[in-house]
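Close look at the chain arrangement
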Amino acid sequence: MVTTALPYANGPVHIGHLAGVYVPADIYTRYLRLKGEDVIMIGGSDEHGVPITLKAKAEGVSPQDVVDRYHNIIKKSFEDFGISFDIYSRTSSAIHHQTASDFFRTLYDKGVFIEKTSEQYYDQEAHQFLADRYITGTCPHCKNEHAYGDQCEACGTSLNATDLINPRSAISGSTPVMRETKHWYLPLDKYEDFLRQWILEGHKEWKPNVYGQCKSWLDMGLQPRAVSRDLDWGVPVPVEGAEGKVLYVWFDAPIGYISNTKELLPDTWEKYWKDEETKMVHFIGKDNIVFHCIVFPTMLKAEGSYILPENVPANEFLNLEGDKISTSRNWAVWLHEYLEEFPGKQDVLRYVLTANAPETKDNDFTWKDFQARNNNELVAILGNFVNRAMVLTRKYFAGKVPVCGTMTEYDTQTLEDFKNIKKELESFIETYRFRDALKEAMNLARIGNKYLADTEPWKLAKTDMNRVGSILNLSLQIAANLAIAFEPFLPFSAGKLRKMLSMPQCDWNRLGDTDILPEGLQLGQAELLFEKIEDAVVEAQIQKLLDTKKANELKNYTPQPAKANISFEDFTRMDIRVGQVLEAERVPKTTKLMKLKIDTGIDRRTVVSGIAEHFTPEEVVGRQVSILVNLEPRKIKGIESQGMILMAENADGKLVFVQPSAEVKNGSQVR
RNA sequence: GGCGAGAUAGCUCAGCUGGUUAGAGCGCAUGAUUCAUAAUCAUGAGGUCGAGGGUUCAAGUCCCUCUCUCGCUACCA
């Protein structure tokens, strides 16, 4: 049984999700199916939790509306992309609510949970407890007045809601009060010995990143974790006196794997979850390691009747054009958009994401690389070889598989080269090394190209047609092998290829054979498997990325609220002058600081300013600027700064000098 | 300055528990070739494995120090 991390239904799916989870899981599953194994692939949307309720609130719609929207987009795009789920369901379904509820109740009845009462902020007007995100207030560190209960976005410090000065409810705006609330905790610490044994002793074969992270968690010591929250969106806690409480989203989400299996196989689902013979594999990203290796197994163990995962092949992250993928910054290639803009090119993306998969460390996706891999590998190596074999066969044998005569020594030598491809592919795939597996499959096409180049059937056609027949027969058999080898990776193209080769079945066990296509078989219509991608196309994608990013930044820009009024007195105390930059140099070992020598008209002084990311020293020398001259001097990086240059900051973070619109004398006052 | 990750051919990266002349793909150069979506095939160019030190019979691979790069965070008066 293969499970894939449940994508969170507050946005569409992007290439990072695909590369990390869904493409590898799909390759693995398709491979097992081809081998005739009894395998199911389980997926679904994760639809509970605070961020969805916040999004719903911001848009003025219900949480259900939000999850409906994204669930449908995600589901559709997975289908179109060829991720072959046996079921893709969702955690807002009735069957999931029932399953999660029962699961909790079972643990509850067994006395697994610890009940603890703690004090939490409560909104008396809205009559509900407030999650950390729902509380705003003044940050105790930087005095930012718009800090959240879990984090201050101005200074980046993570906070407890109780740290905030002047806390306010984000729902009603009222001042919340502390009130007692009861929650249930899963005592992970009690399972530490079991986990230690199971993972550290029993699963040394797990990927180093997974094993390492588990080890570090176990070494730090585990704490009980709350499994419930005060919220009205989610699976209600099925216990008396738990009104207004739901299961915490990390508790309910992995149970989604079980619910979805139930939905798929109402009668036989237990075979997959409770039979020791079943191998369960969780495909996830690195952010999910702890939940799938520590928390969920503990839940399953505590319940008692479930099996534990056999492996958790977590991938690292994929970056995009050198930058982290980010939903909120819109720095992503969205799957549903890709499918629209590159119709019929699912396999190109599948190929690129696999060839460059973040299996051992974070990797970078670039459109240039996408183009290069398509043009130089898919088109030039794979597509071209198939096309050569097809065209030659059509030309000399009217598109029928020719008779294979006696093999030359060279033929058998070529065969040797790909005899063991099956074994190698299997060993790579079964150890989750899909990048290497794909490379191996590609090598088969290279062997084909080399074979044609070395035997030169187009020359022999003038003298020895029998020999040409043997060569093409073997070439076509290689093509047939390609159709099988690529089936898990590039299902669309492999299907197309099989159609061209009149190969109705795809039987993995025939991989490596050289009699897959019978002699005399009439081949289908030849068509190109892949087509070149022009420069303009990828340039447009890069431009689009930059544009949407910019647009998004501007859209998200909200002017800071006005500060409290000050008196005229206060204003006149500030002495702002027009000055001129005489010298400028970067401050060593800093990224943003520049040291400036300013002629203020009154004197010449040194000012340190954080503009080095936006201007070079040459650009600023000679410029007139506005400068606050009577600011208390301050040492920055050991340099005394005597004043402040006034800058305007644009929505995209770019700085602009505030300077007079016409030249004035240095020292002129700004009032 | 703090925390985390990293530094291997022009580029993107492999190199597991230390062991023969350090690898792949792409790019580049030269040659071959024309069946093929100017695609293919061959050959090659020599990277002091960031620097220095240490452990060892033996280190890209282990230890220490330093430098640099990339994230996040200070510094933006």
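Residues numbered from 1 in each chain as written. Chains lettered and ligands numbered in written order. Predicted model: local features only at pLDDT ≥ 70, side-chain atom pairs only at ≥ 80, totals over all residues. Heavy atoms only, no water.

As a further point, take the overall build of chain A. A tally of helices and strands in chain A yields 21 helices and 26 strands. Sequence-distant contacts in chain A: of pairs separated by 6 or more residues, those separated by 24 or more amount to 72%. Accessible surface for chain A amounts to roughly 31500 Å². Of this, 48% is attributable to carbon and sulfur atoms. (Helix = DSSP H or I, 4+ residues; strand = E, 2+ residues; numbered from the N terminus. Contact = heavy atoms within 4.5 Å. Areas by Shrake-Rupley, 256 points an atom, 1.4 Å probe, with all protein chains shown as cover.)

Taken as a whole, this structure holds 30 salt bridges when the rule is applied. With its nearest N and O atoms 2.6 Å apart, the salt bridge here joins Arg577 to Asp575. Among the charged side chains, a network of salt bridges with common partners joins Lys35, Lys422, Glu426 and Glu430. (Salt bridge = Lys/Arg side-chain N within 4 Å of Asp/Glu carboxyl O.)

Further remarks concern the environment of Phe571. Along the chain, the position of Phe571 falls in helix α20 (residues 568–572). With 100 residues separating them in the primary sequence, Phe571 and Arg671 have C-alpha atoms 9.1 Å apart. Among all residues touching Phe571, those that are not within four sequence positions of it are Ile566 and Arg671.

Below, the discussion takes up the sheet that holds strand β13 (residues 281–283). Ordered by their spatial adjacency, four strands build an open sheet running β3-β2-β1-β13, and the pairing between neighbours is parallel. Of all the strands in the sheet, just β3 (87–90) and β13 have a single pairing partner and so form its edges. Here the strands of the sheet are splayed against their neighbours by 25° on average, with no regard to which way each runs. Alignment of strand β2 (residues 41–45) against β3, held across four bridges, turns out to be parallel. Across the sheet, the residue bridging to Ile42 is Ile87, located in β3. Packing against the sheet, helix α1 (residues 15–34) makes contact with β1 (2–4), β2 and β13, and its axis sits at approximately 165° to β1. (Pairing = 2+ DSSP bridges. Axes fitted to C-alpha atoms, helices over the stretch in contact; angles between N-to-C directions.)

With five of its five residues buried, strand β20 (residues 624–628) lies for the most part within the structure. Neither face of β20 is left uncovered, since the one carrying Gln624, Ser626 and Leu628 and the one carrying Val625 and Ile627 both have all their residues buried. Note that β20 and strand β23 (residues 644–645) share two bridges and pair antiparallel. Looking at β23, one finds that Leu628 is bridged to Met644. (Buried < 20%, exposed > 50% of the residue type's maximum accessible area, 1.4 Å probe, protein only.)

Of all 10 residues in helix α11 (residues 346–355), 10 are buried; the element is thus mostly enclosed. Within α11, burial applies to Gln346, Asp347, Val348, Leu349, Arg350, Tyr351, Val352, Leu353, Thr354 and Ala355.

Bringing the side chain of His71 into the picture now. In this fold, His71 is placed in helix α3 (residues 63–81). With a relative accessible area of 4%, His71 lands in the buried category. At a separation of 2.7 Å, a polar atom in the side chain of His71 contacts the side chain of Ser45. The contact partners of His71, leaving out residues within four places of it in the chain, are Ser45, Glu47, Tyr88, Ser89 and Arg90. (Polar contact = N/O pair within 3.5 Å; in protein donor to acceptor, adjacent residues only side chain to side chain.)

So, about the sheet that holds strand β14 (residues 318–320). With mixed pairing, the three strands of this open sheet are ordered in space as β15-β14-β16. Two strands lie at the open edges of the sheet, namely β15 (323–324) and β16 (363–365), each paired on one side alone. Where β14 and β16 come together, three bridges link them in parallel fashion. Note on β16: the bridge partner recorded for Leu320 is Phe365.

Turning our eyes to something else, we now look at the pairing of β2. With five of five residues buried, β2 is to be regarded as a mostly interior element. Residues of β2 alternate between two faces, with Met41, Gly43 and Ser45 on one and Ile42 and Gly44 on the opposite face, all of them buried. Bridging between β1 and β2 involves two bridges; their strand directions are parallel. From the neighbouring strand, Thr3 faces β2, where its bridge partner is Ile42. Running through α1, the crossover from β1 to the neighbouring parallel element β2 is right-handed. (Right-handed = clockwise from strand over helix to strand, strands pointing away.)

Next up on the list: the packing of helix α5 (residues 192–201) against helix α9 (residues 289–303). Helices that pack against each other are described as a pair by the angle of their axes relative to one another and the distance between those axes. For the pair α5 and α9, the least separation of the axes is 11 Å and the interaxial angle reads 115°. When the axis of α5 is compared with that of α9, the two are roughly perpendicular. Both α5 and α9 take part in a crossing whose hand is right-handed. Contact residues: α5 offers Phe194, Leu195, Trp198 and Ile199, while α9 offers Cys293, Ile294, Pro297, Thr298 and Lys301. Looking at side-chain class alone, the contact of α5 with α9 contains seven nonpolar, one polar and one charged residues. (Parallel < 35°, antiparallel > 145°, perpendicular 65-115°, else oblique. Left-handed = near helix turned anticlockwise from the far one by under 90°. Nonpolar A, V, L, I, M, F, W, Y, C, P; charged D, E, K, R; others polar.)

Of note, Tyr432 is a non-glycine position whose phi angle comes to about 65°, a positive value. Assignment of secondary structure puts Tyr432 in the loop between α14 (421–430) and α15 (434–455). Even without being glycine, Glu456 reaches a positive phi, approximately 45°. Locating Glu456 in the fold gives a position in the loop between α15 and α16 (457–460).

The final tally for this structure, using the stated rule, is 36 aromatic pairs. Geometrically, the ring pair formed by Tyr22 and Phe78 is tilted, given 4.6 Å between the ring centres and 50° between the ring planes. With a gap of 56 residues between them, Tyr22 in helix α1 and Phe78 in helix α3 connect regions that are remote in the sequence. The same class applies to Tyr22 and to Phe78, which are both buried. Here the aromatic rings of Tyr28 and Phe283 are separated by 5.6 Å at their centres, their planes lie at 55°, and the arrangement is tilted. Of this pair, Tyr28 sits in helix α1 while Phe283 sits in strand β13; the two residues are 255 residues apart in sequence, bridging distant segments of the chain. Judged on exposure class, the residue Tyr28 and its partner Phe283 are both buried. In this structure, Lys116 packs its charged tip against the face of Tyr185, placed 4.5 Å from the ring centre. Of note, Arg229 hangs over the ring of Tyr248, and the distance from its end group to the ring centre comes to 4.3 Å. (Phe/Tyr/Trp six-rings, centres within 6.5 Å; stacked < 30°, edge-to-face > 60°. Lys NZ or Arg CZ within 6 Å of the ring centre and 35° of its normal.)

Here we take up helix α7 (residues 249–264). Its 16 residues place the ends of α7 22 Å apart at the C-alpha level, agreeing with the 22 Å of an ideal helix rising 1.5 Å per residue. Maximal helix bending in α7 amounts to about 35°, located at Gly256. With respect to burial, α7 is a largely interior element, 13 of its 16 residues being buried. (Expected span 1.5 Å × (residues − 1). Bend = angle between axes of the 7 residues up to and from the residue.)

Once that is clear, we can look at the side chain of Glu377. Residue placement: Glu377 occurs in helix α12 (residues 367–397). At a separation of 2.6 Å, a polar atom in the side chain of Glu377 contacts the side chain of Tyr351.

So, on to the environment of Leu582. Looking at the secondary structure, you find Leu582 in strand β17 (residues 576–586). Sequence-wise, Leu582 and Ala302 are 280 residues apart; in three dimensions their C-alpha atoms are separated by 72 Å. Those residues in contact with Leu582 that lie beyond four places of it in its chain are Lys597, Ile598, Asp599, Arg604 and Val621.

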